[in-house]
Amino acid sequence: FAMAGDDSDMDGVEDLEATLDALRRLDWASEQRLQWRKDGGSLESIGPYELPDMQVKARPSTDEPDGWAVDIVARERYTASRIVTELMLAANEAIAMFGEANAIPMPYRCQDMDDVSDEEIESTPEGPCRAWLAIRSTTKSQISPTPRPHAGLGLDVYVQATSPVRRYADLALHHQIKAHLRGDELPFPDGMEGEDGVKRASAILRLAQDGGEVSRQLERPANDYWLREFLRRRGTNPTE
């Protein structure tokens, strides 16, 4: 228990001030980083409004006839979300640049965007409509053995490596980078040429491709089903 005037009180205040100062610096850095990506032509340069993340949640419930309750939660993005997003993107870009500079086989992620005229942007209402205009201008993201720009993010090179617990391909990339730093043989060497002379995709590239495809095949139909079920149950009642 801290007495009045105890040094522990001052230590607590100093720790709080240090934490707040660190958060202010991170806030500033994330704002600068976002603006830098906008200048590079990212999605946010067309529609700065960020659509909320929609989460479909189904859970067992004895109150429902079929035993399942379903809810839709729209999670708004706040300053903390921007800090985490921008620093994760910066880390992934740095890893991609390191991989390119050292010729380390990596599953580079790339995306193209169609040109959107200033007239089309100005004629589209700000907010969700303009955000959807930006999304519609993008093509499906691709995974490539060679570095290519990711136009949607406004980055020249990009990989995914910041979620090793959630994505096995990210964990494999950590393994790849650590082996290079130790000077060990790479666990995922570059693809070899087959008898037909065509270069095969490396194992780490296939991991990223297959893992993402399987995840989409499992998640999207489930979300679509429960979203339809949520709307069916609501009928004409307005959603919150």
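Fair warning: this is a prediction, and the values are worked out from it, not measured in the lab.

Trainee: Honestly, the overall build of the protein in this entry has me stumped. Any pointers?
Mentor: The number of helices and strands found in the protein is six helices and four strands. Ordered by position from the N terminus, the helices and strands of the protein form the series α-β-β-α-β-α-α-β-α-α. Per-residue burial over the protein gives 28% buried out of 240 residues. Accessible area of the protein: about 16100 Å², with a carbon and sulfur share of 54%.

Trainee: Mind showing me how you'd approach the packing of helix α5 (residues 168-182) against helix α6 (residues 203-234) here?
Mentor: The angle between the axes and the distance between the axes are what describe a pair of packed helices. Running from N to C, α5 and α6 cross one another at 160°; their axes reach a closest spacing of 8 Å. Taken together, α5 and α6 sit at an angle that is classed as roughly antiparallel. Crossing geometry of α5 relative to α6 is assigned as left-handed. Residues Y168, A169, A172, L173 and Q176 of α5 pack against I204, L207 and A208 of α6.

Trainee: How should I be thinking about unusual backbone geometry in this particular structure?
Mentor: A negative phi angle characterises most non-glycine residues, just as the trans form characterises most peptide bonds. One non-glycine residue, A103, lies in positive phi territory at about 55°. Inspection of the secondary structure puts A103 in the loop between α2 (79-101) and β3 (108-110).

Trainee: Could you clarify how one ought to interpret the nonpolar core in this entry?
Mentor: In summary, soluble globular proteins display a tendency toward joint burial of nonpolar side chains. In this structure, A96, I104, M106, Y108, V157, V159, A161, A172, L173, I177, F188 and I204 together form the largest nonpolar core, which totals 12 residues. Here this core takes three residues from α5, the largest share from any one element. Filtering out sequence-adjacent residues up to four positions away, I177 remains in contact with I95, F98 and M106. Ranked by size, the runner-up nonpolar core spans six residues in total, among them I46, M113, V116 and L133.

Trainee: Looking at this model, I keep getting lost on the packing of aromatic side chains. Mind explaining?
Mentor: For any two aromatic rings, the description comes down to two numbers: the centre-to-centre distance and the angle of the planes. This structure, assessed with the given rule, holds two aromatic pairs. Between W68 and W226, the aromatic rings sit 5.9 Å apart at their centres with planes inclined by 45°, giving tilted as the arrangement. Of the two residues, W68 sits in strand β2 (residues 68-75) while W226 sits in helix α6, which places them 158 residues apart along the sequence. Judged by its relative accessible area of 18%, W226 is buried. Measuring from ring centre to ring centre gives 5.0 Å for Y225 and W226, while their planes differ by 80°; the resulting arrangement is edge-to-face. Among the aromatic residues, those joined into a cluster by ring pairs are W68, Y225 and W226.

Trainee: How should I be thinking about α5 in this particular structure?
Mentor: An α-helix turns once every 3.6 residues. As a result, residues three or four positions apart point the same way. Compared with the 21 Å implied by 1.5 Å per residue over 15 residues, the 21 Å span of α5 between its first and last C-alpha is a close match. Close packing links the buried residues of α5 with α2 and α6. Residue G183 follows α5 closely and has a positive phi angle near 80°.

Trainee: Hey, could you run me through α6 in this one?
Mentor: Under the 1.5 Å per step criterion, the end-to-end length of α6 is 46 Å for 32 residues, consistent within 8% with the ideal 46 Å. Along α6, the positions that sit buried rather than exposed are I204, L205, A208, W226, E229 and F230. Once α6 ends, the next one or two residues include G235, with phi positive near 60°.

Trainee: Explain the pattern of salt bridges here, please?
Mentor: Two side chains that carry opposite charge are able to pair once their charged atoms sit near each other. What the rule picks out here adds up to 17 salt bridges. Residues E50 and R77 are paired through a salt bridge, measuring 3.3 Å at the closest nitrogen-oxygen approach. On the criterion of sequence distance, the pair formed by E50 in the loop between α1 (7-39) and β1 (53-60) and R77 in the loop between β2 and α2 is long-range, its members being 27 residues apart. The partner of D112 in a salt bridge is R148, with the nearest N and O atoms 3.7 Å apart. One end of the pair, D112, is in the loop between β3 and α3 (118-123); the other, R148, is in the loop between β4 (142-144) and α5, and 36 residues separate them in sequence. Classification of D112 by relative accessible area gives partly exposed; the value is 41%. The class for R148 is partly exposed, based on a relative accessible area of 33%. Overlapping salt bridges, with partners in common, bring together E64, D66, E229, R232 and R233 in one network.

Reading the values: rules and limits
- Residues numbered from 1 in each chain as written.
- Predicted model: local features only at pLDDT ≥ 70, side-chain atom pairs only at ≥ 80, totals over all residues.
- Heavy atoms only, no water.
- Helix = DSSP H or I, 4+ residues; strand = E, 2+ residues; numbered from the N terminus.
- Buried < 20%, exposed > 50% of the residue type's maximum accessible area, 1.4 Å probe, protein only.
- Areas by Shrake-Rupley, 256 points an atom, 1.4 Å probe, with all protein chains shown as cover.
- Axes fitted to C-alpha atoms, helices over the stretch in contact; angles between N-to-C directions.
- Parallel < 35°, antiparallel > 145°, perpendicular 65-115°, else oblique.
- Left-handed = near helix turned anticlockwise from the far one by under 90°.
- Contact = heavy atoms within 4.5 Å.
- Core = buried A, V, L, I, M, F, W, Y, C linked by side-chain atoms within 4.5 Å.
- Phe/Tyr/Trp six-rings, centres within 6.5 Å; stacked < 30°, edge-to-face > 60°.
- Expected span 1.5 Å × (residues − 1).
- Salt bridge = Lys/Arg side-chain N within 4 Å of Asp/Glu carboxyl O.

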